[in-house]
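The residues making up each chain are set out below.
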Amino acid sequence: MRYADKTVIGLSIAFLVLAFADFFMAEWVRFIGLQSLARGAVALGLLVLWRTGLVSFGHALYFGIGAYAAAMLTLIGYHDAFFLVFAGTLAAGFLAFLLGFLLRRYRGIFFALLNMAFSMILYGVIVKTEELGSTDGFSVLAPTFLGYAPEGEAVQTTLFIFTLVITYIVTVGVHLYLKTTLGGMSMAVRENEIRVEYLGYSAEKVIHVKYVFSGLVAGFGGAIMALAIGQVDPDSMANWTVSGEFVFITILSGIGNVGATFIGALVFELIRTYAFEYAPHIWQLILGGSLLTIIMFLPDGIWSLFGRLRKSEKAPHP
Amino acid sequence: MTVVLDVRDLQKTFGAVVAAKDINVTVSEHEIIGIIGANGAGKTTFVNMVTGFLKPTSGHIEFAGRNIMGLPPRTITNLGISRSFQVPQVFASESVFDNLMMAYAIAEESGLGLLSPLYNDARAVRVDNHLARYQIAEYRDATSSTLPQGIRKLLDIAMAAVSKPSLLMLDEPTSGISVEEKFDLMDIIMDALRQDQTTVLFIEHDMEIVERYVSRVLAFYQGEIICDAPVAEALVDPGVREFVIGEEYHRTRTGNGGQS
């Protein structure tokens, strides 16, 4: 089997375990799980960009577009989760496609901050729009699933399975994509754009493709988040601090493996939840401290722990 | 012989600086041409213009009967002109093998083919053959940034040759290489390129290399071509002697000590 490598097997096992556990999870665990999947999806997009040598400080833009697009559709009577998530994903992807024509010309800090600038425009627009609840946002009714309208806890259970299935497919897809020629060109563009041009391919085109992809998955994460929380508001969907969280998760996870982004997202949620619970006044300090610890001791992210384990297994005994 | 490259009245100015002026060159198939000239004479500017890195101020460049003026490097590469660089342009943090794997993949795939796996066994065989041909097989798994300069130069040229270009332009293939290694390096390159019957233009400062490998010389001086002739003629041309080669070569050739 060509495609069944360790990562695909690992992801499949994790998928089955989580799908099974869905029926037994405490409600708060499932909620954290949903948020981790949503943020992990965005971090997946950032991983693809990061491998191309680009960091975006503004992916809350696409997260916010995905969330608000899905939420606004519920206002005009659409409640099917498939449609809402699809629309949110597509709206974000389309915006990324348009902005990509400009952003693909920038690198480094300019790329990072231009993204942030665009995301703050969205934030500003939402805050100024009374019809969308301004800074308070508005609530989103529970979705239906192809005609099936669950109630109570079943809403979250179904949403979790729904999210899990799509995330699994996307993640395996990204993993396989990274092994293709176009996926591998991330490395080539990061290392030497001149050589890429003189091998006969456009570096900007490579970046554009990756940028649209990162927009799509960020929109997906946003739409899921809107449905999971049942509420959208600018500060937790579109503010620059949200973009910062995504970068945080990417650093935490490392870019070594697609699965790591979800582990990173989960760790992030756990740290934040518990820090907020036990130290409501200094939770940000704890979050910052853990980032510092990661950067100092695991500069390649959580994933490098697995690498170290593997290395020490292989290390010859003296 | 078929004309591959036809350059007419090429000009390039940067403000008041004239980097290229009245450049007229015709290159035929299978020619090996040496480009000589002092630093700043316009040699690299010429290569940059032909390969699309710099846009000429005016003039015509035709490649295989097609106007390529103002086209981007990737389009020109796909039409069949490749180049190597004075400072090797490789994927520094990757292995030699992975560098060539990427070069082959980009050359071979387009459209939806880009979504097929980068690595396949048939391509790996082609890469290994290519490594053998350029005699860098022993560095196959070494990271490019750790390579000795000569090997990195070879890798750069090998990557440029992957697409089997009909015209290959080499920007100072032997710069930064020790005198003893220069001929070995050029032998490897020229043997490999001869197999593909590639037309070659290369920039070179070492007249011994020029004499040994090229059939024709283009001598640049202050943005102009001051001599375009077979190598034996060009090296005794008074203009070339005065502005390009200088006294030292003059002395060894004629035996009269002209120095003070």
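What you see is a predicted model; the values in this text were computed from it and never measured. (Residues numbered from 1 in each chain as written. Chains lettered and ligands numbered in written order. Predicted model: local features only at pLDDT ≥ 70, side-chain atom pairs only at ≥ 80, totals over all residues.)

Some remarks on the overall build of chain A
So, point 1. Counting its secondary structure elements, chain A contains 14 helices and two strands.
So, point 2. The C-alpha radius of gyration computed for chain A amounts to 19 Å, which stays within 12% of the reference 20 Å derived for 318 residues, consistent with globular compactness.
So, point 3. Scored against the burial criterion, the 318 residues of chain A give a buried share of 46%.
So, point 4. Pairs at least 24 apart in sequence give 81% of the contacts found in chain A among residues at least 6 apart. (Helix = DSSP H or I, 4+ residues; strand = E, 2+ residues; numbered from the N terminus. Rg over C-alpha atoms; globule rule 2.2 N^0.38 Å. Buried ≥ 20, exposed ≤ 12 C-beta atoms within 10 Å, placed from the backbone. Contact = placed C-beta atoms within 7 Å.)

A few points about the sheet that holds strand S2 (residues 17-28) of chain B
Residue and element names in this part refer to chain B.
So, point 1. Here four strands make up an open sheet; going across it, the order is S2-S1-S4-S5 and the pairing antiparallel. Both edges of this open sheet fall to S2 and strand S5 (66-67), since each of them pairs with a single strand only.
So, point 2. Across two bridges, strand S4 (residues 58-63) lies against S5 in antiparallel orientation. Each residue of the ladder has a partner; that of glutamate 62, found in S5, is asparagine 67. (Pairing = 2+ DSSP bridges.)

Considering the interface of chain B and chain A
So, point 1. Counting residues at the interface gives 26 residues for chain B, matched by 17 residues for chain A.
So, point 2. Elements with a contribution of two residues or more to the side of chain B that touches chain A: helix H2 (73-79), strand S6 (81-83), helix H3 (96-108) and helix H5 (149-161) of chain B.
So, point 3. For the side of chain B that touches chain A, the element with the most residues is H3(B), which contributes five residues.

Focus on the environment of Thr157(A)
Residue and element names in this part refer to chain A.
So, point 1. If you trace the backbone, threonine 157 turns up in helix H6 (residues 153-177).
So, point 2. It is 25 Å that separates the C-alpha atoms of threonine 157 and glycine 45, two residues lying 112 residues apart in sequence.
So, point 3. Here threonine 157 is in contact with Asp22 and Phe23, once residues within four sequence places are set aside.

Let's talk about the pairing of S4(B)
Residues in a regular strand point their side chains to alternate faces of the sheet.
Residues and elements named next belong to chain B.
So, point 1. Two elements, strand S1 (residues 3-14) and S4, share five bridges in a ladder whose sense is antiparallel. From the neighbouring strand, valine 7 faces S4, where its bridge partner is isoleucine 61.
So, point 2. In this structure, the hairpin formed by S4 and S5 is closed by a connection of two residues, where alanine 64 is found at a positive phi of approximately 50°.

A look at the sheet that holds strand S8 (residues 199-203) of chain B
All names here are of chain B.
So, point 1. One open sheet accounts for six strands, arranged S6-S7-S8-S3-S9-S10; its pairing is mixed. The open sheet has two free edges, formed respectively by S6 and strand S10 (224-230), since each of these has just one partner strand. Ignoring strand direction, the axes of neighbouring strands in this sheet form an average angle of 20°.
So, point 2. Sheet topology places strand S9 (residues 216-221) next to S10; six bridges connect them, and they run antiparallel. Paired with valine 217 across the two strands is alanine 229, which belongs to S10.
So, point 3. Packed on one face of the sheet, helix H9 (residues 238-245) meets strand S3 (32-37), S9 and S10 and runs near 125° to S10. (Axes fitted to C-alpha atoms, helices over the stretch in contact; angles between N-to-C directions.)

Comments concerning the confidence of the model for chain B
All names here are of chain B.
So, point 1. Per-residue pLDDT for chain B has a mean of 88; in total, 95% of the residues score no lower than 70.
So, point 2. Counting interchain partners and residues more than four positions distant, the pLDDT-below-50 stretch residues 253-260 has six contacts.
So, point 3. The ipTM for the predicted assembly is 0.88, set against a pTM of 0.89. (pLDDT = per-residue confidence, 0-100.)

Digging into the pairing of S2(B)
Residues and elements named next belong to chain B.
So, point 1. When S1 meets S2, the two strands line up antiparallel, connected through eight bridges. Looking at S2, one finds that aspartate 6 is bridged to threonine 26.
So, point 2. If you look at the hairpin formed by S1 and S2, you'll find two residues sitting between the two strands, and glycine 15 has a positive phi there, around 65°.

Brief notes about unusual backbone geometry
One can expect most non-glycine residues to show negative phi and most peptide bonds to be in trans.
Residue and element names in this part refer to chain B.
So, point 1. Residues other than glycine seldom take positive phi values, yet alanine 64 does so here, at roughly 50°.
So, point 2. By the element assignment, alanine 64 lies in the loop between S4 and S5.
So, point 3. Here the phi dihedral of glutamine 135 falls at roughly 55°; this positive angle occurs in a residue that is not glycine.
So, point 4. Among the secondary structure elements, glutamine 135 is positioned in the loop between helix H4 (121-133) and H5.
So, point 5. The exposure class assigned to glutamine 135 is partly exposed, which follows from the 18 C-beta atoms found within 10 Å.

A short note on the nonpolar core
So, point 1. Formed by 163 residues in total, the largest nonpolar core has its most connected members in Ala67(A), Ala70(A), Ile224(A), Ala226(A), Leu227(A), Leu100(B) and Ala219(B).
So, point 2. Ranked by residues supplied to this core, first place goes to helix H9 (residues 203-229) of chain A with 18 residues.
So, point 3. Excluding residues within four positions of it along the chain, Ala67(A) makes contact with Gly88(A), Gly222(A), Ala223(A), Met225(A), Ala226(A), Val232(A) and Met237(A). (Core = buried A, V, L, I, M, F, W, Y, C linked by C-beta atoms within 7 Å.)

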